[in-house]
Amino acid sequence: MAILRAAYLSDPELPGNGPTLLLTYNKSLCSYIRTIAASELSNVTVEHYHKFARGYLNFRGKMRRNGIIKGAARERVITDALAQIKGA
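Since the model is a prediction, treat every value here as computed from it, not as a measurement.

## Some remarks on the overall build of the protein chain
Right, on to step 1. Helix and strand content of the protein chain: four helices and two strands.
Right, on to step 2. Ordering the α and β elements of the protein chain from the N terminus gives α-β-α-β-α-α.
Right, on to step 3. Taking 12 Å as the expected radius of gyration for a compact globule of 88 residues, we find that the protein chain reaches 19 Å, considerably beyond that expectation.
Right, on to step 4. Looking at the 88 residues of the protein chain, the share that counts as buried comes to 18%.
Right, on to step 5. Contacts in the protein chain between residues at least 24 apart in sequence constitute 44% of all its contacts with a sequence separation of at least 6.
Right, on to step 6. When the accessible area of the protein chain is evaluated, it comes to approximately 7,300 Å², of which 56% is carbon and sulfur surface.
Right, on to step 7. Distance from the positive charge centre (13 side chains) to the negative charge centre (6 side chains) of the protein chain: 13 Å.

## Some points on the packing of aromatic side chains
Right, on to step 1. Following the criterion strictly, the structure yields three aromatic pairs and no others.
Right, on to step 2. Taken together through their ring pairs, the aromatic side chains of Tyr25, Tyr49, Phe52 and Tyr56 make up a single cluster.

## What to know about the environment of Leu82
Right, on to step 1. Summarising the element assignment, Leu82 is placed in helix H4 (residues 71-87).
Right, on to step 2. Look at Leu82 and you get partly exposed, because its relative accessible area is 45%.
Right, on to step 3. Measuring from C-alpha to C-alpha, the distance between Leu82 and Glu40 comes to 46 Å, with 42 residues separating the pair along the chain.

## Brief notes about the side chain of Ser10
Right, on to step 1. Looking at the element boundaries, Ser10 is found in the loop between helix H1 (2-9) and strand E1 (20-24).
Right, on to step 2. A polar side-chain atom of Ser10 sits 3.1 Å from the main-chain carbonyl oxygen of Ala6.
Right, on to step 3. Discounting chain neighbours no more than four positions away, the residues touching Ser10 are Asn17, Gly18, Thr20, Asn43 and Val44.

## Here's the deal with a nonpolar patch on the surface
Right, on to step 1. Nonpolar side chains collect at one region of the surface, where Leu21, Leu23, Tyr25 and Tyr49 lie side by side and expose about 440 Å² of accessible area between them.
Right, on to step 2. Relative to the assigned elements, Tyr25 resides in the loop between E1 and helix H2 (27-36).
Right, on to step 3. Here Tyr25 falls in the exposed class, since its relative accessible area comes to 74%.

## Quick notes on the pairing of strand E2 (residues 44-48)
Right, on to step 1. Within E2, four of the five residues are buried, leaving the element largely enclosed by the surrounding structure.
Right, on to step 2. Looking at chain direction, E1 and E2 are connected through five bridges and run parallel. Across the sheet, the residue bridging to Thr24 is His48, located in E2.

## Digging into the pairing of E1
Right, on to step 1. Where burial is concerned, the two faces of E1 differ: the one with Thr20, Leu22 and Thr24 is buried and the one with Leu21 and Leu23 is not.
Right, on to step 2. In this fold, E1 hands off to H2, which returns the chain to E2; that crossover is right-handed.

Rules behind the numbers
- Residues numbered from 1 in each chain as written.
- Predicted model: local features only at pLDDT ≥ 70, side-chain atom pairs only at ≥ 80, totals over all residues.
- Heavy atoms only, no water.
- Helix = DSSP H or I, 4+ residues; strand = E, 2+ residues; numbered from the N terminus.
- Rg over C-alpha atoms; globule rule 2.2 N^0.38 Å.
- Buried < 20%, exposed > 50% of the residue type's maximum accessible area, 1.4 Å probe, protein only.
- Contact = heavy atoms within 4.5 Å.
- Areas by Shrake-Rupley, 256 points an atom, 1.4 Å probe, with all protein chains shown as cover.
- Lys, Arg positive; Asp, Glu negative; His and termini not counted.
- Charge placed at Lys NZ, Arg CZ, Asp CG, Glu CD.
- Phe/Tyr/Trp six-rings, centres within 6.5 Å; stacked < 30°, edge-to-face > 60°.
- Polar contact = N/O pair within 3.5 Å; in protein donor to acceptor, adjacent residues only side chain to side chain.
- Patch = residues over 30% accessible without salt bridge, like charges linked within 9 Å, V, L, I, M, F, W, Y side chains within 5 Å.
- Salt bridge = Lys/Arg side-chain N within 4 Å of Asp/Glu carboxyl O.
- Pairing = 2+ DSSP bridges.
- Right-handed = clockwise from strand over helix to strand, strands pointing away.

Encoded structure:
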């Protein structure tokens with residue numbers, strides 16, 4: 001249903017059309033939608049939420065390059081956060 005709605009909202013022949021963004025929470029679903037509906041969604045941007053959110057934060061200057069921690073540093077932050085919650 002969302003695919004059809006996005007296609008309708010982006011149809012250049014209809015009044016009030018415009019750029020349309022279709023968000024999913026899953027990379028696989030995003031790729032699947034692009035594959036099955038490529039011709040119907042030519043004026044629709046299909047992205048997964050993570051990519052959209054990072055792009056938006058970067059545009060607003062809130063996300064620096066490589067701003068998501070990984071590995072041991074990530075584990076340390078998670079451990080510290082859990083310790084603070086358990087102590088509260």
